[in-house]
Structure formats: structure tokens, C-alpha cells
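Listed below are the residues making up each chain.
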Amino acid sequence: RHRRRAADNQRPAPNLQLGTQVPNTTPPVVIAAGLEAGGDLQLLGSIAGYGALVADNDVTVSANGYTELAAAPDQGVAIFGGHDVSLLPNPRSYTTPGMKQAFYGLVYAQNDFRFWDNQNAGSRWDLTIEGALVAQAGRVQVANATVVNLVYNPAYLNHLLKNLAASRVKLELISWRL
């Protein structure tokens, strides 16, 4: 039994493909998929495709490498954490420096958003979030990233915001590069 656990820890984690885009369609047709958890949602492996990750508590993604997740245009949410959202390298695999982690849509954490490499003091990852990043009652923590692109894009948020009061503050386009 002990040998099996050791061997399991050395196997690379699988990658997850969510949803798809139908080829040769105008306008593009997206078939979204999603994962929803009543507690914590922990994914060990990279993610690609179209859809959402939703959890009542924490969402943790420990990626092997390149990750790109886009929200469905009519839904807008890429990641929703009822507590924290954490994005970090998979401790079971080596990640190439400069590996891109990209999320398109709303990335929402009720408390803290964390993006860091807790395995290495040097930078290994690039982070891109296009849409909006919200840490409602907490902090946005980014450490050991090579490049960070946070781009506000209202196209991902129109569906979510259309029923809010007209007195809300509207941002048209803001971009930070750290």
C-alpha cells in the first residue's frame, strides 16, 4: 500500500478540457461546460476550454502548465469561489518558466484571490485575466509571477450586470501591467 501511494505521487496529473467551440460557424458557437462543488473544488492539472469553475467554498487550481479557461459569452463567470480562489503550480510536476495561466471572464473570490508559486522563489508563470477580478472581502495576492495582465473587459460582464441599478459605477476599459 505504501508503494502504491509513492508511485501515485509521481504520476503527472491529468489535464482537464471543458467545453468546446464548434468549428466553421459564424458567429462562433461555444458549447460551455462547468464544474460545481457544494464545498471546495480542488483541481490538480491544467485546464483548457470554455466554461466555469464554481464552488461554495474554495476553488484551488494546481496546474501542470499552460492553462486557458474562457467563460461562456452568455454566462460571464470563469471562476467563482464562495471563499478563496488560489492558482498555483502543481507540486508534482515541473513547470517551464513563463508558462501562461489565462482566464477570460469574471474571476470572483468572496475573500482572497491568490496567484503564487509556493514551490520556487523564482518566477515561473504569467497571469492574464481579461474580464474582471474581484476579491470581495479580501485581498488580491500575486507573487513570483513573470508577467501579470489584468484587463477589464465589459463584454464578459454585460450579462451579469444588466439587471443592476443604473446608478452603478461603470468602467469602460482599464488595464494594468505590473
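Below is a short write-up of the structure.

Quick notes on the rules
Residues numbered from 1 in each chain as written. Predicted model: local features only at pLDDT ≥ 70, side-chain atom pairs only at ≥ 80, totals over all residues. Heavy atoms only, no water. Helix = DSSP H or I, 4+ residues; strand = E, 2+ residues; numbered from the N terminus. Buried < 20%, exposed > 50% of the residue type's maximum accessible area, 1.4 Å probe, protein only. Areas by Shrake-Rupley, 256 points an atom, 1.4 Å probe, with all protein chains shown as cover. Pairing = 2+ DSSP bridges. Phe/Tyr/Trp six-rings, centres within 6.5 Å; stacked < 30°, edge-to-face > 60°. Contact = heavy atoms within 4.5 Å. Core = buried A, V, L, I, M, F, W, Y, C linked by side-chain atoms within 4.5 Å. Axes fitted to C-alpha atoms, helices over the stretch in contact; angles between N-to-C directions.

1. Quick word on the overall build of the chain
Point 1. Secondary structure summary: the chain contains two helices and 16 strands in total.
Point 2. For the chain, with 178 residues in total, the buried portion stands at 41%.
Point 3. Counting only carbon and sulfur atoms, one obtains 52% of the accessible surface of the chain, whose full area is about 10100 Å².

2. Remarks on the pairing of strand β9 (residues 77-81)
Point 1. Most of β9 is tucked away: four of the five residues are buried.
Point 2. The pairing of β9 with strand β11 (residues 99-109) spans four bridges and is parallel. Residue I79 lies in a different strand from β11, and its bridge partner there is V107.

3. A few points about the packing of aromatic side chains
Aromatic ring pairs are defined here through the distance separating the ring centres and the angle between the ring planes.
Point 1. In this structure the tally under the stated criterion is one aromatic pair.
Point 2. Aromatic side chains F80 and Y108 sit 4.9 Å apart centroid to centroid with 10° between the ring planes, which places their arrangement in the stacked category. On the criterion of sequence distance, the pair formed by F80 in strand β9 and Y108 in strand β11 is long-range, its members being 28 residues apart.

4. Observations concerning unusual backbone geometry
Point 1. Located in the positive-phi region is N24, a residue other than glycine, with phi close to 60°.
Point 2. By secondary structure assignment, the location of N24 is in the loop between β2 (20-22) and β3 (29-31).
Point 3. Among the residues examined, N24 registers a relative accessible area of 82% and is labelled exposed.

5. Here we look at the environment of T128
Point 1. With respect to the helices and strands, the residue T128 is situated in strand β13 (residues 125-135).
Point 2. Sequence separation between T128 and V148 is 20 residues; the distance between their C-alpha atoms is 6.0 Å.
Point 3. In this structure T128 touches K100, Q101, A102, F103, Y104 and N149, once residues within four positions along its chain are discounted.

6. A few points about the nonpolar core
Point 1. Counting 32 residues, the largest nonpolar core has L53, I79, L87, F103, F113 and L127 as its most contacted members.
Point 2. Counting residues per element, this core draws most heavily on β11, which supplies six residues.
Point 3. Discounting chain neighbours no more than four positions away, the residues touching L87 are V61, I79, F103, F113, R114, F115, W116, W125 and L127.

7. Thoughts on the sheet that holds strand β5 (residues 41-44)
Point 1. Sheet architecture is open: five strands sit in the order β5-β7-β10-β12-β14, paired in parallel fashion. The sheet terminates laterally at β5 and β14 (140-143), the two strands that pair on one side only. Mean inter-strand twist for the sheet, computed between neighbouring axes without regard to direction, equals 5°.
Point 2. Examined bridge by bridge, strand β7 (residues 59-63) and strand β10 (residues 85-89) share five bridges and lie parallel to one another. Pairing of A63 across the sheet is with P89, part of β10.

8. Quick notes on the pairing of β11
Point 1. Burial within β11 is extensive, with ten of its eleven residues counted as buried.
Point 2. In the sheet, β11 pairs with β13 via eleven bridges, with the strands oriented parallel. Across the sheet, K100 pairs through a bridge with D126, a residue of β13.

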